[in-house]
Amino acid sequence: MRVWLRRILVVTSFFILLLTCVNLVTFVDQKDDQNAFAQDLLTHAELVTVQLTDALQAISEQGISKCNQASIDELRTQTNSFENVYDLGLVVDGEVTCTANWGVLLNPVILPKAQYISPTGFEIYSHLGSILPLKDRFDVTKLENVIALTVQNPFKQFSDRNPKFSFDIRTKAQNHVFMHYRPQSPQPMFRLPWSSKTTLCSDKFTYCVNIYNKRVGLAFYETSTILHILGLCFLASLLLKYSLRSFLDKRQSMEFRFRRAISQRKLYMEYQPILEASTGKLVGVESLIRWRDDRYGFVSPELFLNIAEELKLYPKVAHFTIETSISEMASLLSKNPHFSLALNVNTYEINDEYFLQELYALACEYQVRPAQIKIEITERIAVPLDELSQFSQRAKAFGFHIALDDFGTGVSNLVWLTEIDFDVIKIDRVFTQALSNDFKKNMVFAILDLLSGLEKQIIFEGVETEQELNMIIQSCPYAHVQGWYFYKSLTKRDLYLMCSTNVNEQSDCGLSMS
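Residues numbered from 1 in each chain as written. Predicted model: local features only at pLDDT ≥ 70, side-chain atom pairs only at ≥ 80, totals over all residues. Heavy atoms only, no water.

Draft legend 1. Layout of the overall build of the protein chain. Counting its regular elements, the protein chain contains 15 helices and 22 strands. Relative to the 2.2 N^0.38 estimate, which gives 24 Å for 514 residues, the radius of gyration of the protein chain is 49 Å and therefore markedly larger than a compact globule would have. With the principal axes as the frame, the protein chain shows a C-alpha extent of 145 × 55 × 50 Å. Considering only contacts in the protein chain between residues 6 or more positions apart, those separated by 24 or more positions represent 62%. Accessible area of the protein chain: about 27,300 Å², with a carbon and sulfur share of 55%. Averaging the positions of the 50 positive and the 58 negative side-chain charges in the protein chain gives two centres separated by 9 Å. (Helix = DSSP H or I, 4+ residues; strand = E, 2+ residues; numbered from the N terminus. Rg over C-alpha atoms; globule rule 2.2 N^0.38 Å. Contact = heavy atoms within 4.5 Å. Areas by Shrake-Rupley, 256 points an atom, 1.4 Å probe, with all protein chains shown as cover. Lys, Arg positive; Asp, Glu negative; His and termini not counted. Charge placed at Lys NZ, Arg CZ, Asp CG, Glu CD.)

Okay, structure coming up:
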């Protein structure tokens, strides 16, 4: 039940977030439209004003004061010159006596008191009725004894352009409204508790245009559009929830965490001590790469090295291994020329033409003798025998030693012994454990008789009991051993601590008392 509640909460959160984002985006888009709308409205208002003032001044400057045919003809000429001027007329003794369109009025109309007088002397009358023998109302502007009637609905194109915007034109002092428009649209599906206003003022005249949007965001649209957007937001919320779940799952995947472990250098090295079987003297270590993850705990090297190959990250792991191993063991290697470091290699290192050069450069950098580094090759490497032989020869040319790892686990090992000049042969733990079995140990002794004639250093892996150690000492007294009977793999700190603790014993690693 809690899982479902959590999922519903996540989807709801995404839904609210998406709605908020959509509202913000639509608000910004609407604000841009609103600003452009205001600029266009102001430009058109200034055009209407210019035409009215030009027409009035043209008649006024001629000093026409009486209604006769000549004056009416002049009124008609000026009226036809301006598209936003509906009619021009003359005022005599406070009465409109004639106009361009109606000629001499039979019943002159008395002008009421002006609603607004501009600083330049223009008298303004808004929505004035009965000024002509019509029922229509007109906006009238008067200069001295001349009046100009603005065409009806000079701003209709703007109410048609965006019928959901309200707008008006009023004086900068807010004491007179020249015109206003309020949309008669149906009630929206919902309305947000705020609105948007844009104001632009004219640099030429004493008025400003104001644009109002009281249906900001999604409320601006029709119900059907809103429902479509809500549906899309819900589907997007489900998709985001799924994507988040996939992302979190991926972040918890071993592949993702391993990639991050490499970038954050969370891999580390441990070292398996190698000892003389007869004396217990520590003569070297085998470096082993490790990874301990907060989620998966200790991860098997075989597992994460396969992951590294699949993700094509193995080169980084390989370079990290040799650099870390040599740098951490440099102190032990430089102080004891007989102490050795064994490094495991894979197909990548064999095929990389620069690997041995890099390894040699690191040995020189940390003042380690190349002969102290043993390169361990296992039969699991998928490289042809002739290429392995060439790699071995090149490694020996740099001064490194070559070890055959896990001897006895494959059918090719005997062939390898004839083709590759190994310095060390490591007996697999399967044969080491066979020493405790009366039947199997005879087979091991036969193999040891075969190897003894090669005069190679023998190392027994996986020694876990005293009986196994005694059998090794009895059958091969000069052999080296490694296994949990002596030590598990140790971190650098634990290895150095062991060497310091046993500084007066045979396992002193070459460290001095200082």
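Draft legend 2. Expanded view of the pattern of salt bridges. Across all of its chains, the model carries 15 salt bridges by this definition. With a shortest N-O distance of 2.8 Å, Asp 160 and Lys 156 are connected by a salt bridge. Here the residue Asp 160 and the residue Lys 156 both occupy positions in helix 3 (residues 156–161), the gap between them amounting to 4 residues, near one helical turn. We classify Lys 156 as partly exposed; its relative accessible area is 43%. For Glu 376, the salt bridge identified is with Lys 426, shortest N-O distance 2.7 Å. In this pair, Glu 376 is assigned in strand 17 (residues 373–378) and Lys 426 in strand 19 (residues 424–427), connecting sequence segments 50 residues apart. For the pair formed by Glu 376 and Lys 426, the shared burial category is buried. (Salt bridge = Lys/Arg side-chain N within 4 Å of Asp/Glu carboxyl O. Buried < 20%, exposed > 50% of the residue type's maximum accessible area, 1.4 Å probe, protein only.)

Draft legend 3. Layout of the sheet that holds strand 8 (residues 166–171). Across the sheet, which stays open at both edges, the 4 strands sit in the order 9-8-11-10 with antiparallel pairing between neighbours. The open sheet has two free edges, formed respectively by strand 9 (177–181) and strand 10 (196–201), since each of these has just one partner strand. Strand-to-strand, the axes of this sheet are offset by a mean angle of 15 degrees, without reference to chain direction. The pairing of strand 10 with strand 11 (residues 207–213) spans 6 bridges and is antiparallel. Counted as the bridge partner of Ser 196 is Asn 213 from strand 11. (Pairing = 2+ DSSP bridges. Axes fitted to C-alpha atoms, helices over the stretch in contact; angles between N-to-C directions.)

Draft legend 4. Expanded view of the pairing of strand 11. Among the 7 residues of strand 11, 7 are classified as buried, and the element is accordingly described as predominantly covered. Neither face of strand 11 is left uncovered, since the one carrying Tyr 207, Val 209, Ile 211 and Asn 213 and the one carrying Cys 208, Asn 210 and Tyr 212 both have all their residues buried. With 6 bridges joining them, strand 8 and strand 11 adopt antiparallel strand pairing. Within the sheet, the bridge partner assigned to Asp 168 lies in strand 11 and is Asn 210. Linking strand 10 back to strand 11 in an antiparallel pair, the connection comprises 5 residues.

Draft legend 5. Local environment of the state of the cysteines. On inspection of all chains with the given rule, the structure shows 2 disulfides. Residue pairing for Cys 67: its cysteine sulfur links by disulfide to Cys 98, the two sulfurs lying 2.0 Å apart. Measuring the twist about the S-S bond at about -80 degrees, one finds the Cys 67-Cys 98 disulfide to be left-handed. You can see Cys 67 sitting in the loop between helix 1 (2–61) and helix 2 (69–81) and its partner Cys 98 sitting in strand 2 (residues 95–99), a full 31 residues away along the chain. Using a relative accessible area of 25% as the deciding quantity, one classes Cys 67 as partly exposed. The disulfide partner of Cys 201 is Cys 208, and the S-S distance across this bridge is 1.9 Å. Looking along the S-S bond of the Cys 201-Cys 208 disulfide, the torsion reads about 95 degrees, which is the right-handed sense. (Disulfide = S-S within 2.5 Å.)

Draft legend 6. Region of interest: the sheet that holds strand 4 (residues 116–117). Reading across the sheet, the 7 strands line up as 3-2-1-7-6-5-4 and stay open at both edges, with antiparallel pairing between neighbours. The sheet terminates laterally at strand 3 (103–110) and strand 4, the two strands that pair on one side only. Two elements, strand 5 (residues 123–128) and strand 6 (residues 138–143), share 4 bridges in a ladder whose sense is antiparallel. Bridge pairing in strand 6 places Ile 124 opposite Thr 141. The sheet strands contacting helix 2 are strand 1 (85–92), strand 2 and strand 3, and the helix crosses strand 1 at an angle near 150 degrees.

Draft legend 7. How the structure looks around helix 10 (residues 385–397). Spanning 13 residues, helix 10 covers 18 Å between terminal C-alpha atoms, matching the ideal 18 Å at 1.5 Å per step. Of the residues making up helix 10, those classed as buried are Leu 388, Ser 389, Phe 391, Ser 392 and Ala 395. One face of helix 10 carries all of its buried residues, which in axial projection span an arc of 160 degrees. Turned more than 90 degrees from where helix 10 packs its buried face, Gln 393 and Ala 397 sit exposed. The first or second residue beyond helix 10 is Gly 399, which carries a positive phi of 100 degrees. (Expected span 1.5 Å × (residues − 1). Arc of directions from axis to C-beta.)

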